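# Summary of structural features
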Amino acid sequence: MADYEDENEHDDLGSEGDSGEHAPRRRRRSEGVRIIGAEEAARALREGQAAGRQPDDAPRFGDVPERPSGPPPAQRFPLPGAADPPTRVLRPQPAGQADAPAMPHWTEPPTGEVPRIRATGDDGEDGDDIDAWAGLPTRAPRWRDQESDWADADFDDVALGEDEAPMGVLDANRTEHSDLFSFDEAEDDVVAEPAAEPARRGPLTTSIRTREPVAARSEVPPPGTRGGARDMGSAVGAGIAMAVVALVLFKAGPKPAMFLVTAVITLAASELYHVFTRAGYRPATLLGLTATIGLLVGAYSEGEAALPLVLFLTIAFSFLWYLVRVVRARPTVNVAVTLLGFCWVGVLGSFAALLLRMPDRRGVAFLLGAVIATAAHDIGGLFFGSQMGTRPLLPEISPNKTMEGLAGGMFSAVFASVLLVGVVPGIHPWTPGKALVLGLVVAVVAPLGDLCQSMIKRDLGIKDMGSLIPGHGGVLDRFDALLFVLPATYYLVKLLDLA
């Protein structure tokens, strides 16, 4: 086959003078393929019009050239200093770094050397545990779907190693605490980064307060020191103001005192539900506050009979709250936190209403005695703990509390009960002997209430329940011990037949 062009490029089919239907048409130049025979192909090869077949030893695409013979080139990369341009800048050699080994030329054959894997380093310490990987090729996958399948030698202390502690389901000492809102504890040597400056809030932005970093919460201050810088001037001023308001309302009678109790308990419950919400829970806040106020009013008007009724209604409506999806959230954990807030603040606080409904204004004296003894415990614990505290009480729960502060608070509660409650004429139901018993009860119960609230705050990762009272934090921070003292005082009055 050969490509060709029409030789008669301007060959006419007719004369130039013809016209009409039989007018000549000029043939156009064209290209194509023509099949030729062997003789014509041989003639084309002889005349040089076609190239013959390449020989077998001719180079083809993809062939690797042979290694050049003769001496190697005079220069190789990297070029020595003599071959560099005169403007070459010499870089200093790092201290302690040896000269780089000479690299072979790329055309030289490979040496076959590989990096050596050593189980022991140059300093004698153990490196990679080669024996631990020796048995992997012989092991087969094993399906585990029953509890008995995990009772295997692979999970005992020997398999885990002497220095390794079991984690997760292998840890026999782990608690049943839900991991839904908790995170891994940071290492001790991790330094927390400084907090970034908060951005300026615009008209459509709001600040969301979340849990403190785990590293910050894991730091335990020295015993006898306060975790945060408390403004003692504001704390003392706020304490005196609250004492004056309480004394004025208690002097006015049971109803004004009941108004004060209702306001304090409602604010404390509101703070607790707000803290739960910030921690990621979805409690039925409206239901909890309504039940708390209803229980206070019912206890003041109907007595102890209101407690089981309101408790039953609160439990039932808490389940219905999530059953009808008033709040779309996990029902188990949120029903639990709703009832926790109601029982902790509402039920325990309702005993103040039970004390105030006692006749002849004796209820006011009973409640006032409990408040005085609890306040003395808090003040004494703060003073002795900050001045003489050296031994921590429970650093995992409350790092600021010390054994000296506990002893000082207990002594202050007993001393104030005997000196004030048993001597002041206006609190006549309390005799010195019975006031001593009240002081002993408060000395035991008040620290429990304080530690329980510290435990909840530690678990939620917060410092204070609120910031309503200057120098004290929230309302619940100030009256946490009193919530445990109120039921103890009520049943002490019943036991001593003071009513």
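Residues numbered from 1 in each chain as written. Predicted model: local features only at pLDDT ≥ 70, side-chain atom pairs only at ≥ 80, totals over all residues. Heavy atoms only, no water.

Once that is clear, we can look at the packing of helix H8 (residues 331–356) against helix H9 (residues 362–388). Orientation of H8 relative to H9, taken along the N-to-C sense of each, is 140°, at an axis distance of 7 Å. Classified by the interaxial angle, the pair formed by H8 and H9 is oblique. Together, Ala352, Leu355 and Leu356 of H8 and Gly363, Val364, Phe366 and Leu367 of H9 make up the contact between the two elements. Split by residue class, the contact of H8 with H9 holds six nonpolar, one polar and no charged. (Axes fitted to C-alpha atoms, helices over the stretch in contact; angles between N-to-C directions. Helix = DSSP H or I, 4+ residues; strand = E, 2+ residues; numbered from the N terminus. Parallel < 35°, antiparallel > 145°, perpendicular 65-115°, else oblique. Contact = heavy atoms within 4.5 Å. Nonpolar A, V, L, I, M, F, W, Y, C, P; charged D, E, K, R; others polar.)

So, about the pairing of strand S4 (residues 398–402). With four of five residues buried, S4 lies mostly within the body of the structure. Inspection of the sheet shows strand S3 (residues 392–394) paired to S4 by two bridges, in the antiparallel sense. Across the sheet, the residue bridging to Leu394 is Ser398, located in S4. The turn joining S3 and S4, which pair antiparallel and follow one another in sequence, is formed by three residues. (Buried < 20%, exposed > 50% of the residue type's maximum accessible area, 1.4 Å probe, protein only. Pairing = 2+ DSSP bridges.)

What follows concerns the nonpolar core. In this structure, Trp344, Val345, Leu367, Trp430, Leu460, Met465 and Leu476 are the most contacted members of the largest nonpolar core, which totals 66 residues. The element contributing the most residues to this core is H8, with twelve residues. Formed by seven residues, the second largest nonpolar core is a distinct cluster that contains Ala284, Trp321, Tyr322 and Leu339. (Core = buried A, V, L, I, M, F, W, Y, C linked by side-chain atoms within 4.5 Å.)

Counting across every chain of the model gives five salt bridges. When the shortest N-O distance is used, the salt bridge between Asp378 and Arg478 registers 3.3 Å. Of the two residues, Asp378 is situated in helix H9 and Arg478 in helix H12 (residues 475–478); the sequence distance between them amounts to 100 residues. Note that Lys401 and Asp450 form a salt bridge whose closest N and O atoms lie 3.7 Å from each other. Of this pair, Lys401 sits in strand S4 while Asp450 sits in helix H11 (residues 432–460), and the two are 49 residues apart along the sequence. (Salt bridge = Lys/Arg side-chain N within 4 Å of Asp/Glu carboxyl O.)

The next point concerns unusual backbone geometry. The backbone phi angle of Arg325 is positive, close to 60°, even though this residue is not glycine. Within the secondary structure layout, Arg325 lies in the loop between helix H7 (306–323) and H8. The backbone phi angle of Asp497 is positive, close to 60°, even though this residue is not glycine. Take Asp497: it is sitting in the segment after helix H13 (480–496).

The values reported here are purely geometric and, on their own, carry no functional implication.
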